[in-house]
Structure formats: C-alpha cells, structure tokens
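A structural walkthrough
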Amino acid sequence: MERHFLDFIRGYVKILIIGNNYDRFLNLCAFHEISLWDLKPDGESYEAYILRKDFKKLKSIVKKSHAVVRITERHGLPFFIHKNRKRKVYLAGIAAAFVFMAWLSAHVWSIQIEGNLSQTDDVVFEYLGQSGISHGMWKSKVDCKELAAELRNYFTEFAWVAAELKGTRLVIHVKEGIMDVKETESGSVSDEPSSLAASCSGVVDSIFVRKGTPMVKAGDQVEKGTILVSGALPIYNDEKEIASYQYVSADADIVIKRERKYQDVVSFIGSEKQYTGKEKINWMVWLGEEAFALPANLDDFEKYDLLSELTQLRLTENFYLPVYIQKFTAKEYEDQEILYTKEEVLQILNTNYQDFIKNLKEKGVQIFENDVKIEWNEKSAIASGILMTGEYAVNRINIDTTKEEF
C-alpha cells in the first residue's frame, strides 16, 4: 500500500511496447535501473507500468532497441493537477490536504512497546509521560538513543532497550534477562566509555571480565549501584603510579546471588463467573484526546465484564493517524460460589508457583535454593518463603572521562 501511495504522488504511466527486440529493450531498462511492473503480453506487443520520471529516460533506450513505446494511460497526482489546473479552489483544497498530511507525518501518533514481560505497558507509558514522551509530540523532539538509555537505567529488569521511529510510530524494543552487555540501542558493540554497576543488592556468585577493570570478586557483598567492572583502565608510569586512564566499554559476565520473597494465598471459598450469554456493544471514536461515544444502556446488567478493543486508523504500515475506533462489549455474568477441596487448593498453589518460576527462568534467572512452605488454616492456605536466585543484575553507566575513576 505504501508503494502504491508513493507511485501516486510521483505519477506513473501505462505504456505499450511494440517491436521485435523486447529482450534488448528490457535489458537496457534493467541496466539503467529503470523499473517496470505488471509486464504483460498484449498480442504481439507488451504492456507495462513505469514511473513518470523514468519514462523521460526511455528516449535513448527506444532508439537503441528499435522499439516503439506509446503511452496508453496516465495515473497519479502530477497528471491530476495538470488536468484540473484551471480549478484553483479544488487544487487549493488538495494542497491544504497535503500540508495537513505533512503536519501529521511530523508527529508521533503511535507508541508501541515490544518484549516487556516484567513491566506492563501502562507502567512504561506512565514513565514515558513523565519524561515528556507522548502521543502527538513532534518527532524531531524524540532522541531515540537517549530515550533507550533512560528506560534501561530506570527499569533495572530491562537488559537491553532500543527505540526507533518508523513513520508516525515510535517503537520501543525491550529484552529482559541475560543479555550480552555489548549490545546497545543500535544492536552493535558500543564504543562509548562505560562501567557496569549492580542493579540490586546481593552477593557476587561469579564474574568473568572480558574488558575493563574488575572492582569486585566472587563472594563479595554488593549494594545496588556498586561499580562491578570499571571501564577505566589505569596506565602506570615507571614508578608504578597511575599516570592516566584508557577508557573502554566494560564487558563481563556477572551473576549476582540475591534473595527473593515469595507469597501466595488461596482461599477455600472462591467464586466463578457464570456468563448468561447476554451482550451489549457500544462504539466510541477518538480524535486525538476528544472522544465521541454513542449512548449505551447497561442498567439491565447487574454484573458484567466490559471488554475493550481499540483500533488506530492508518494510511500505510507505518503512517498512523490520531484517529481511534474503540469497541466496547459488555458481557453479563452471575457469581457462582465454589468450595475448593484441600487437593484443589494445593494444585492451585503449585500451578501459581510453577508459573512464577517459569517467568523467572524466561528472564534468565537461575534458582539456587528455595524454601517455600505451605501453612493451612480454616479459610485458606498460604505458600510463602525465600528463593535464592542468581541473575544478571547489571546496569551500564557512562563514564565522565573528564574525571578520574579511582
């Protein structure tokens, strides 16, 4: 769709190629990087589409190939303007529409977050709002590299963050868990001087330094923010005194052992939603921050789940508009009380615990020890305890090379 839109803007024509040397003609077009599409035979000739600007380059090719080329159709904005050049008001309206489209294309109308597991989109959006990143802002005010660094420093669970602008979209890519610390916003090795600091308190379980100066060793107790590997390499003089520093981007594999608390409560008395099958649908249109809703009557439903489906309109894959269509579906239900047996409660606790462990392992967290026990009372069961985990809990901190590191 984006290709067709650009072709319309530039203008294109449908041509009829007559002659016996089609191969010669096509080879010359390919040599001069002239693109033809939808090439089809038409009796003893061929039809094809070509951009208006490329058609002007065919004169020498036609002469060399002894072909005859005729225009059969004209399409696109340049021809439309020429055809309606005397209708000034009409053309002024079109020009205003294109100015408006240019204004729309200079703003961010869609912010998408991909790869975040530990933090919900709402939490990340809240931080973005506090940092001045919001829908409708000028794209020129978005510093993708700086934004990625701020997100990585604020959310310690994010091992790697990249931000990029695609059309009117701001896409934020997130990776959690164990990552190669050499990965940067662009996905390549960073040359900027930086050190590695602990993003949580704990004990260093293992450390393997590839580049930089180790500041701790296995078995050391560290606090959040402690420099683990410095990107400043001291250079000594003949008297074995530090004469200067060479700055590098620190690179190391570090695992920090820490304690994590776990608690889960399951009651013997629960409730389950029993849907009646009755539904009501309502629609809402958003123009920027202004909402226009159709009237809906939900008084007939005592209890209901309200499901929302939001769709943002777009012209092309990356050209999003500040127009949203929101569909609300209300599903009526009744509460049905359920009495769980001890075995069922135990099964629920076990499932919840396994999901918790699975989520940790997906982030690259190692489980060294777990001391989770279940306590029973008349109304519920409580699973609680301490897990000893090992994880890559490291942040990258840029070095101010104007100051000494040690």
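I will try to describe carefully the structure that is included in this document. One numbering rule holds for all chains: residues counted from 1, following each sequence as written. The model is predicted, so local features are restricted to residues of pLDDT at least 70 and side-chain atom pairs to those at 80 or more, both for listing and for counting; the totals for chains, interfaces and linings are taken over all residues. Hydrogens are left out, water is left out, and the side-chain values use all remaining heavy atoms of the structure.

**With respect to the overall build of the protein**
Strands here mean DSSP runs of E at least two residues long; helices mean DSSP runs of H or I at least four residues long; both are numbered from the N terminus. Assigned secondary structure in the protein consists of 9 helices and 22 strands. By the compact-globule yardstick of 22 Å for 406 residues, the protein is too spread out, its C-alpha radius of gyration being 32 Å. The principal-axis extents of the C-alpha atoms in the protein amount to approximately 90 × 85 × 45 Å. Three labels apply to residues, based on accessible area from a 1.4 Å probe with only protein chains included: buried if under 20% of the type maximum, exposed if over 50%, partly exposed otherwise in between. When the 406 residues of the protein are sorted by exposure, 35% land in the buried category. On the protein, the mean spot of the 51 positive side-chain charges and the mean spot of the 61 negative ones are 13 Å from each other. Atoms counted for the radius of gyration: C-alpha only. Globule rule: 2.2 Å times residue count to the power 0.38. Charge counting follows a simple rule: Lys and Arg are positive, Asp and Glu are negative, and His as well as the terminal groups are ignored. Charge positions are represented by NZ for Lys, CZ for Arg, CG for Asp and CD for Glu.

**As for the sheet that holds strand β4 (residues 68–75)**
Ordered in space as β2-β3-β1-β4, the 4 strands form an open sheet in which the pairing is antiparallel. Each of the sheet's edge strands pairs with one partner strand only, and the pair in question is β2 (36–42) and β4. The average angle at which neighbouring strand axes cross in this sheet is 25 degrees, direction not considered. Across the face of the sheet, helix α2 (residues 22–31) comes into contact with β1 (12–18), β2, β3 (45–51) and β4 while running at roughly 175 degrees to β2. A pair of strands is labelled paired if DSSP reports no fewer than 2 bridges between them. Axes, fitted as lines to C-alpha atoms, cover a helix only where it is in contact. Angles between the N-to-C directions of the axes lie from 0 to 180 degrees. We call two residues in contact when some of their heavy atoms are within 4.5 Å.

**A short note on the packing of aromatic side chains**
Any pair of Phe, Tyr and Trp rings, taking the six-membered ring for Trp, is counted once the centres come within 6.5 Å. Such a pair is stacked with planes under 30 degrees apart, edge-to-face with planes over 60 apart, and tilted for the rest. Within this structure, the stated rule accounts for 15 aromatic pairs. Centre to centre, the rings of Y12 and Y49 are 5.9 Å apart; their planes meet at 65 degrees, and the pair counts as edge-to-face. With a gap of 37 residues between them, Y12 in strand β1 and Y49 in strand β3 connect regions that are remote in the sequence. Each member of the pair, Y12 as well as Y49, carries the same accessibility label: buried. With 6.2 Å between their ring centres and 35 degrees between their planes, Y245 and Y247 make a pair best called tilted. Given a relative accessible area of 15%, Y245 falls into the buried group. We classify Y247 as partly exposed; its relative accessible area is 23%. The criterion for a charge sitting over a ring is simple: Lys NZ or Arg CZ within 6 Å of the ring centre, and within 35 degrees of the ring normal. A cation over a ring is seen here: K257 above F368, with NZ or CZ 5.0 Å from the ring centre. Sitting above the plane of the W376 ring, K342 keeps its charged end 4.8 Å from the centroid.

**So, the packing of helix α7 (residues 121–130) against helix α8 (residues 144–154)**
Their axes nearest at 12 Å, the elements α7 and α8 cross at an angle of 125 degrees. Here α7 is positioned oblique relative to α8, judged by the angle of their axes. Remark: the crossing between α7 and α8 carries right-handed chirality. Across from V124, Y127 and L128 in α7, the residues of α8 making contact are L147, E150, L151 and Y154. Counted by class, the contact of α7 with α8 contains 6 nonpolar, no polar and 1 charged residues. Any angle that is under 35 degrees is reported as roughly parallel, and any over 145 degrees as roughly antiparallel; angles of 65 to 115 degrees are reported as roughly perpendicular and all others as oblique. Here is the rule for handedness: rotate from the far helix to the near one, and if that takes an anticlockwise turn smaller than a right angle the crossing is left-handed, while a clockwise turn gives right-handed. Polarity classes work like this: nonpolar for Ala, Val, Leu, Ile, Met, Phe, Trp, Tyr, Cys and Pro, charged for Asp, Glu, Lys and Arg, and polar for all others, with Gly in that last group.

**Some words on the nonpolar core**
The term nonpolar core refers to a set of buried residues drawn from Ala, Val, Leu, Ile, Met, Phe, Trp, Tyr and Cys, joined through side-chain atoms within 4.5 Å. By size, the foremost hydrophobic cluster in this structure holds 20 residues, and its most contacted members are L128, L147, L151, L170 and I172. Counting residues per element, the ones that place at least two in this core are β5 (110–114), α7, α8, β6 (158–166) and β7 (169–176). With 4 residues, the top contributor of residues to this core is α8. Those residues within four positions of L147 in sequence are excluded, and the remaining contacts are L128, I133, A163, L170 and I172. Membership of the second largest hydrophobic core comes to 15 residues, among which are L196, V229, A252 and V394.

**Section: the side chain of S110**
Assignment of secondary structure puts S110 in strand β5. Every residue in contact with S110, bar those within four places of it in the chain, is listed here: H135, T168, R169, L170, Q312 and Y320.

**So, the pattern of salt bridges**
Definition used for salt bridges: Asp or Glu carboxyl oxygen within 4 Å of a side-chain nitrogen of Lys or Arg. Using the criterion set out here, one finds 16 salt bridges in the structure. With its nearest N and O atoms 3.0 Å apart, the salt bridge here joins R210 to D251. Separated by 41 residues along the polypeptide, R210 in strand β9 (residues 202–211) and D251 in strand β15 (residues 251–267) bring together distant segments of the chain. Taking the relative accessible area as the measure of exposure, D251 reaches 4% and is therefore buried. Between R260 and E391 there is a salt bridge whose closest N-O contact spans 3.1 Å. With R260 in strand β15 and E391 in strand β21 (residues 380–391), the pair connects residues that are 131 residues apart, well separated along the chain.

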